[in-house]
Amino acid sequence: MPTSQPSPADVVIIGLGAAGGVAALPLARAGLTVVGLEAGRRHSPADFAPDELRNNVRGWPHAVQKANREIPTHRPNASSPTLPRLAVHPMMNAVGGTSLHYWAQSWRLNPWDFKVVSETTRRYGASRVPRGSTIEDWPLDYAELEPYYDAVEYEIGVSGKAGNVNGTIDPRGNVFEGPRRREYPMPPLRRTGFTEMMADAARSLGWRPFPGPAAINSQPNQDRSACMYHGYCDRGGCHVSAKNSTAVTTIPRAEATGRLTVVTEATVTRIEVDARGRASGVRYLKDGRELFQPARVVLLASYVYENVRLLLLSTSPAFPRGLSNNRGQVGRHYFAHNLGGGATALFPRDLNTWYGLPAQGTAVDDWADDNFDHSGLDFIGGGNLFLYSDRRPIAAANMNTFGKAPQWGSRWKAFVSENADRWKNAYLQKTTLPYEDNYLDLDPVVKDPLGFPVCRITFDFKENERRVAAFVQEKAVQWLQAAGAIAIERGSVNPTGPTTHAYGGTRMGFDAETNVVDRWGFSHEVPNLGILGASVMGTSGSRNPTLTVQALAWRTADHLVKSWSQRADA
Ligand SMILES: Cc1cc2nc3c(=O)[nH]c(=O)nc-3n(C[C@H](O)[C@H](O)[C@H](O)COP(=O)(O)OP(=O)(O)OC[C@H]3O[C@@H](n4cnc5c(N)ncnc54)[C@H](O)[C@@H]3O)c2cc1C
Ligand code: SF4
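Chemist: Help me get a handle on the site of ligand 2, residues and values and all.
Modeler: If you check the shell around ligand 2, you find I216, C227, M228, Y229, H230, G231, C233, C238, V240, K243 and L357 and nothing else. In terms of residue class, the shell around ligand 2 is built from eight nonpolar, two polar and one charged.

Next up, the structure:
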């Protein structure tokens, strides 16, 4: 039997990453006692060396990570064999979670992303929603999430240029974005010769480029430094804390209230329920002991794969198929963002991008979402086009030779030496939909070192995703050619296993028959269990997930504070 902790908490949060680390703050400020159980440990800025060999090649800190011991398996469909497993899990176990080493692009979704079914039906007819997709409208719209986007942007510090403040359009920002109540808290990250070159090329095509938003200080902000633009924050933390991670923003602020207790190196293995089927607390392992943390409310925030796995592992007489899974919805509506089908270009001159970072770039939204007419097209959705300034030596040398040199020997060396700063890869994030036969469950064979099954991914991209990819790739090629590229290689869309942009598995929706959580992020079946992270998202939009994940986390926490007496267990 586990040893009970002496003091029950009002709220226990499983995982203090991008989502859990944000939710802790409004809860603690409201005076609730919060315990954050985090599988990883604390890192300090001194741990974040700008070292490509260590961070990107040897995979620090993944090698000592819990996530690495439970890498999900993947098969493209239910009748295909499991593909070879990834060697390294992309996500991070630490206080701050993957926000420690993410790129920090900080996008809001567009209003269309919340209403894909009804808007597609209204504009093009119901038959345009792809067959086999389980997509639903979100149970909230952009306007309802906007105050939470705003709160998070100001709390963590986001740099950018607004394109739509209360309906006033500003062509220096994203003219397609939904209305925001005010400007970003900071101006965009600085422009470079390369980002300006790409903006000019986009304008020459009649497109409307703008600087991408980033959770990175473009100027000193609150108690943190401005960015130094030296790069190395792709899979590395920021040693001057200019980049947001919840470890340097919301978590220390929540701790300063005296209401948040952070327990590190605490691996949660199970969520417990009482005889009424309400969550009563969680079991976790720390220092070789099994402990039980009682709580009146449980918030699950351990990233998509672990959110699903922990629910499926938490069986009980009330929930024999896994917690909150009496309707068989846990693991359904899973999808991996379609990031494949890129375009890599070679230019005839140096681009001078040795200084810079992946969030410092020029974006184009003209071909995203439903920002253009799809009447004559055979797909719905689109993609955000992004070209950024980052370059690191090992990655630079690992370049495509565009058929102009062999892959080895002195001619290869000479080619790389001349062209290492002359190539760029367009980052294309595209609409991806959930489908009936894409899902997560527990692997029947592969187990982690504790003996628990790992998560199994059954997933492949479908026709709509491939058509979007081909269309958006062609736009990227046009853009690169307009900027003067002399050679372009087109990438393909391949089956995707564990990813940094995973969605679904505990989807949010009105209907308890097709969704795990309600419109507030609380389980339809267990009213004092909340779920945070992209596992609740039913669509991806054409941009990275984390700001939306954080806005939703703040909203769920805010709802909990306001409805405490109904939600909390007595
Ligand atoms: C290299 C990289 C670049 C990225 N760039 C961007 C970007 O530019 N913009 C963007 O929007 N997104 C980006 N992402 C994605 C982003 O990191 C995720 O969307 C985000 O971190 C998800 O938040 P989360 O809280 O759900 O998960 P995480 O931030 O991973 O946090 C989950 C936490 O739960 C903990 N945990 C897991 N299991 C347990 C357990 N059993 N018990 C206790 N604790 C547990 C983990 O240790 C972790 O701290 C990037 C990701 C990577 C890897
Ligand atoms: S480039 Fe900026 S955000 Fe990235 S590690 Fe350096 S200072 Fe930090």
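Chemist: Please give an account of the layout of surface pockets that cites residues and values.
Modeler: Approximately 420 Å³ is the volume attributed to the second largest pocket. Along the walls of the second largest pocket sit 26 residues, with A39, Q65, K66, R69 and T267 positioned nearest its centre. Looking at the lining of the second largest pocket, the elements with two or more residues in it are strand 9 (267-273) and helix 8 (304-313). Considering each element in turn, the lining of the second largest pocket owes the most residues, four residues, to helix 8. When the residues that make up the lining of the second largest pocket are grouped by side-chain class, the tally is twelve nonpolar, six polar and eight charged.

Chemist: Lay out unusual backbone geometry with the relevant residues and their values.
Modeler: One non-glycine residue, N166, lies in the positive phi region at around 50°. Looking at the element boundaries, N166 is found in the loop between strand 5 (164-165) and strand 6 (168-169). The exposure class of N166 is exposed, given its relative accessible area of 57%. Positive phi, normally seen in glycine, also occurs at Y229, with a value near 65°.

Chemist: Any chance you could break down the nonpolar core for me, citing the residues and the numbers?
Modeler: Among the nonpolar cores identified, the biggest contains 104 residues, and V11, I13, L27, L37, I271, Y334 and M537 are the most heavily contacted of them. In this view, L37 contacts V12, I13, I14, G15, V263, A266, V268, V282, Y284 and Q293; residues no more than four positions away in its chain are not counted. Of all hydrophobic cores here, the second largest spans 27 residues; its members include L351, A426, V468 and V472.

Chemist: An account of the site of ligand 1 is needed here, citing residue identities and associated values.
Modeler: Surrounding ligand 1, one finds 34 residues, the nearest of these being E38, N93, T98, Q105 and T546. Interatomic distance of 2.9 Å between a backbone N/O atom of W103 and a nitrogen atom of ligand 1. The contact in question runs from a nitrogen atom of ligand 1 to an N or O atom on the side chain of E306, over 2.9 Å. Starting from 1,000 Å² of accessible surface for ligand 1 in isolation, the protein chains cover 97%. When grouped by side-chain class, the residues that make up the shell around ligand 1 number 18 nonpolar, twelve polar and four charged.

Chemist: Tell me about the pairing of strand 3 (residues 34-37), and name the residues and values.
Modeler: With burial as the criterion, each face of strand 3 is covered, one bearing V34 and G36 and the other bearing V35 and L37. In the sheet, strand 2 (residues 9-14) pairs with strand 3 via four bridges, with the strands oriented parallel. Opposite V11, over in strand 3, you have V34 as the bridge partner. On the question of chirality, the crossover connecting strand 2 to the parallel strand 3 by way of helix 1 (residues 20-29) is right-handed. Where strand 3 meets strand 8 (residues 260-263), four bridges bridge the pair, whose relative direction is parallel. Considered in strand 8, the bridge of L37 is made with V263.

What counts and how
Residues numbered from 1 in each chain as written. Chains lettered and ligands numbered in written order. Predicted model: local features only at pLDDT ≥ 70, side-chain atom pairs only at ≥ 80, totals over all residues. Heavy atoms only, no water. Near = heavy atom within 4 Å. Nonpolar A, V, L, I, M, F, W, Y, C, P; charged D, E, K, R; others polar. 1 Å grid on protein atoms, 1.4 Å probe; cavity = no way out; pocket = protein on both sides within 12 Å on 5 of 7 lines; lining within 4 Å. Points joined across faces, edges and corners; volume = space filled by probe spheres on them. Helix = DSSP H or I, 4+ residues; strand = E, 2+ residues; numbered from the N terminus. Buried < 20%, exposed > 50% of the residue type's maximum accessible area, 1.4 Å probe, protein only. Core = buried A, V, L, I, M, F, W, Y, C linked by side-chain atoms within 4.5 Å. Contact = heavy atoms within 4.5 Å. Polar contact = N/O pair within 3.5 Å; in protein donor to acceptor, adjacent residues only side chain to side chain. Areas by Shrake-Rupley, 256 points an atom, 1.4 Å probe, with all protein chains shown as cover. Pairing = 2+ DSSP bridges. Right-handed = clockwise from strand over helix to strand, strands pointing away.

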